[in-house]
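Results of the structural survey
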Amino acid sequence: MRRPIARRRMLTACLGLLVAGAAKADRSRQWRVAYVGSGRTTVAVPILREALRQLGYEEGKNLILDVRAANGHYAILPDLLKEVVGLRPDVIVAEATPAVAAAQKATSTIPIVMSPASDPVGSGFVESFARPGGNITGVANMFGDATTKTLDIIRLVLPNIKMIGVLISNNPTHPRLLEVAKQAATSMAIFAEGFVAPNPDDLERAFAEMKSANCDAVYVLADPVRPAIPSIALKSGLPTIYQVNTYVTDGGLMSYGPDVPGFFSLAARYVDRILKGGKPAEIPVEQPTKFLFVVNLRTAKGLGLTIPESVLLMADKVIE
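Residues numbered from 1 in each chain as written. Predicted model: local features only at pLDDT ≥ 70, side-chain atom pairs only at ≥ 80, totals over all residues. Heavy atoms only, no water.

**Describing the pairing of strand β2 (residues 63-69)**
What counts here: A pair of strands counts as paired when DSSP detects no fewer than two bridges linking them. Numbering of helices and strands runs from the N terminus; a helix is a DSSP stretch of H or I covering at least four residues, while a strand is a stretch of E covering at least two. By the criterion used throughout, a crossover qualifies as right-handed when its path from the first strand across the helix to the second strand runs clockwise, the strands pointing away from the viewer.
Direction of pairing for strand β1 (residues 31-37) relative to β2: parallel, over a ladder of seven bridges. Looking at β2, one finds that Y35 is bridged to V67. What joins β1 to β2 is helix α2 (residues 44-54), and the crossover it makes is right-handed.

**So, the packing of aromatic side chains**
What counts is decided by this rule: Two rings belonging to Phe, Tyr or Trp (six-membered ring only in the last case) form a pair when the distance between their centres is within 6.5 Å. Interplanar angles under 30 degrees mark stacking, angles over 60 mark edge-to-face geometry, and anything in between is tilted. Between buried and exposed lies partly exposed: a residue is buried under 20% and exposed over 50% of the maximum accessible area for its type, with that area taken using a 1.4 Å probe on protein chains only. Two thresholds decide whether a charge sits over a ring: the Lys NZ or Arg CZ must be within 6 Å of the ring centre and within 35 degrees of the ring normal.
Going through the model one piece at a time under the given rule, you end up with two aromatic pairs. With a centroid separation of 4.5 Å and 20° between ring planes, the pair formed by Y242 and Y247 is classed as stacked. Arranged with centres 5.8 Å apart and planes meeting at 40°, the rings of Y256 and F291 form a pair that is tilted. Placement of the pair is Y256 in strand β10 (residues 254-258) and F291 in strand β11 (residues 291-296), with a sequence separation of 35 residues. Judged by its relative accessible area of 1%, Y256 is buried. Sitting over the face of the ring of W31, R29 holds its NZ or CZ atom 3.8 Å from the ring centroid.

**Overview of the sheet that holds strand β4 (residues 112-117)**
This is how the line gets drawn: To get an axis, fit a line to the C-alpha atoms, keeping to the stretch in contact for a helix; angles then go from 0 to 180 degrees between the N-to-C directions. Any two residues whose heavy atoms approach within 4.5 Å at even a single point are treated as in contact.
As summarised here, the arrangement of the five strands in space is β2-β1-β3-β4-β5, forming an open sheet in which the pairing is parallel. The sheet is open, and its two edges are formed by β2 and β5 (136-140), each paired on a single side. With strand direction ignored, the average angle separating the axes of adjacent strands in the sheet is 15°. Pairing of β4 with β5, which is carried by four bridges, proceeds in the parallel orientation. Counted as the bridge partner of I112 is I136 from β5. Contacts between helix α10 (residues 260-275) and the sheet are confined to β1, β3 (91-95), β4 and β5, with β4 contributing the most and set at about 160° to the helix.

**Quick word on the pairing of strand β8 (residues 217-220)**
The alternating pattern of β8 places A217 and Y219 and V218 and V220 on opposite faces, both of which are buried. The pairing of strand β6 (residues 163-168) with β8 spans four bridges and is parallel. Residue pairing in the sheet places G165 in a bridge with V218 of β8. The pairing of β8 with strand β9 (residues 240-242) spans three bridges and is classified as parallel. Across the sheet, V220 pairs through a bridge with Y242, a residue of β9.

**Some thoughts on the nonpolar core**
Just so we agree on the cut-off: As used here, the term nonpolar core means buried Ala, Val, Leu, Ile, Met, Phe, Trp, Tyr and Cys residues forming a set that is joined through side-chain atoms within 4.5 Å.
Core analysis: the biggest nonpolar cluster contains 47 residues, and V93, V113, L167, F207, M210, I229 and V271 have the highest contact counts within it. Ranked by residues supplied to this core, first place goes to α10 with 10 residues. Excluding anything up to four places from it in sequence, L167 contacts F195, A197, L203, A206, F207, M210, V218, Y219, V220, L221, R226 and I229. Within the second largest apolar cluster, 36 residues are counted, among which are A146, A192, Y219 and Y256.

**What about the environment of A181?**
Inspection of the secondary structure assignment puts A181 in helix α6 (residues 174-187). Considering only alpha carbons, one finds A181 and P284, 103 residues apart in sequence, at a separation of 28 Å.

**Notes on the sheet that holds β6**
Strand order in the open sheet formed by seven strands is β7-β6-β8-β9-β10-β11-β12, with mixed pairing between adjacent strands. Each edge of the open sheet carries a strand with a single partner, namely β7 (191-196) and β12 (317-319). In this sheet, neighbouring strand axes are inclined to one another by 20° on average, regardless of whether the strands run parallel or antiparallel. With three bridges joining them, β11 and β12 adopt parallel strand pairing. Across the sheet, residue N296 finds its bridge partner in β12, namely I319.

**Re the pattern of salt bridges**
So the rule is basically this: Only one rule defines a salt bridge in this text: a Lys or Arg side-chain nitrogen within 4 Å of an Asp or Glu carboxyl oxygen.
One pass over the full model with this rule turns up 12 salt bridges. When the shortest N-O distance is used, the salt bridge between R32 and D66 registers 2.6 Å. One end of the pair, R32, is in strand β1; the other, D66, is in strand β2, and 34 residues separate them in sequence. We classify D66 as buried; its relative accessible area is 10%. A salt bridge links R68 to E83; the nearest nitrogen and oxygen atoms lie 2.9 Å apart.

**Describing the packing of helix α7 (residues 203-212) against helix α8 (residues 229-236)**
Heads up, the condition is: By the definition adopted for this analysis, an angle is roughly parallel if under 35 degrees, roughly antiparallel if over 145, roughly perpendicular if from 65 to 115, and oblique otherwise. Should the near helix be turned anticlockwise from the far one by less than a right angle, the crossing is termed left-handed; should it be turned clockwise, right-handed.
Their axes nearest at 10 Å, the elements α7 and α8 cross at an angle of 30°. In terms of orientation, α7 and α8 fall into the roughly parallel class. In terms of crossing hand, the pair formed by α7 and α8 is right-handed. Contact residues: α7 offers L203, E204, F207 and K211, while α8 offers I229, I232, A233, K235 and S236.

**With respect to α6**
The following threshold applies: Here a helix's expected span is defined as the number of its residues, less one, multiplied by 1.5 Å. What the arc measures is the spread of directions leading from the helix axis to the C-beta atoms.
Given a rise of 1.5 Å per residue, 14 residues ought to cover 20 Å, and the 20 Å separating the end C-alpha atoms of α6 matches this to within 8%. Within α6, burial applies to H174, L177, L178, A181, A184 and A185. Looking down the long axis of α6, one finds its buried residues gathered within 130° of arc, a one-sided arrangement. Opposite the packed face of α6, turned more than 90 degrees from it, sit the exposed residues P175, Q183, T186 and S187. Downstream of α6 by a residue or two, A189 has a phi angle that is positive, lying close to 65°.

What follows is the structure in structure tokens.
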């Protein structure tokens, strides 16, 4: 598959993170890192913990890792951030835009690592990718940039598609991403409409609404993983494509987007650089350059759907 070219190749970010190895964090003290997740911790925290270990940080010796997770209930994020700020961590890792927004409101002095954020400049988290300018840096994703390609894939699988439901939450970046999806769909003569599931408990209702609205397919916008979605989508009989690729391993039909687990390893490198004395204001924000297209043929069979051979040839991974 032809990979999209990142609009901003943050070479300075890559070089900066690599040369940071020349400095060393003070191993005689115990560093405190707080992880605050918008979703679950099951994927991100083990990756972050192992990446930190490889960089020389070991819990019980020179690292305390405080973990808090909203599990998709974004309304509790301000309280979680208030709690971790009270612990006086050296760095806060905020997973996904809702947690980054809450962290920004909670502190203007503790370094914050985005892991990742959808639109850090537009959201006011950083002044620019090259020079963030405040106490926030980290990883941005390119989910909006991948939307047109994603809808192209849907149209190849469902050539007669007329309407697509776009599943959103109360993630602050979703209104903008919804507009991007609507514009891309309109250019393909497809009607797109947003359906809101603010919390995980709202998913069944949202899919029922999409079914009643005669949606031919569902496009799930990037959010911390809500594990019930693949089974609800299958039960609803609605072909569903995701921006977050870990859904397909859990039974989702298709996904197209950046390698999400890689964001958390990269976050550890940002933490390491900050603990070595780097200033978030001067550490460039990095974006992914590798995108993956994944297809689950077991789920396609369960939906009574045949994936064209031309689409399978495009896939980076096919689950059979």
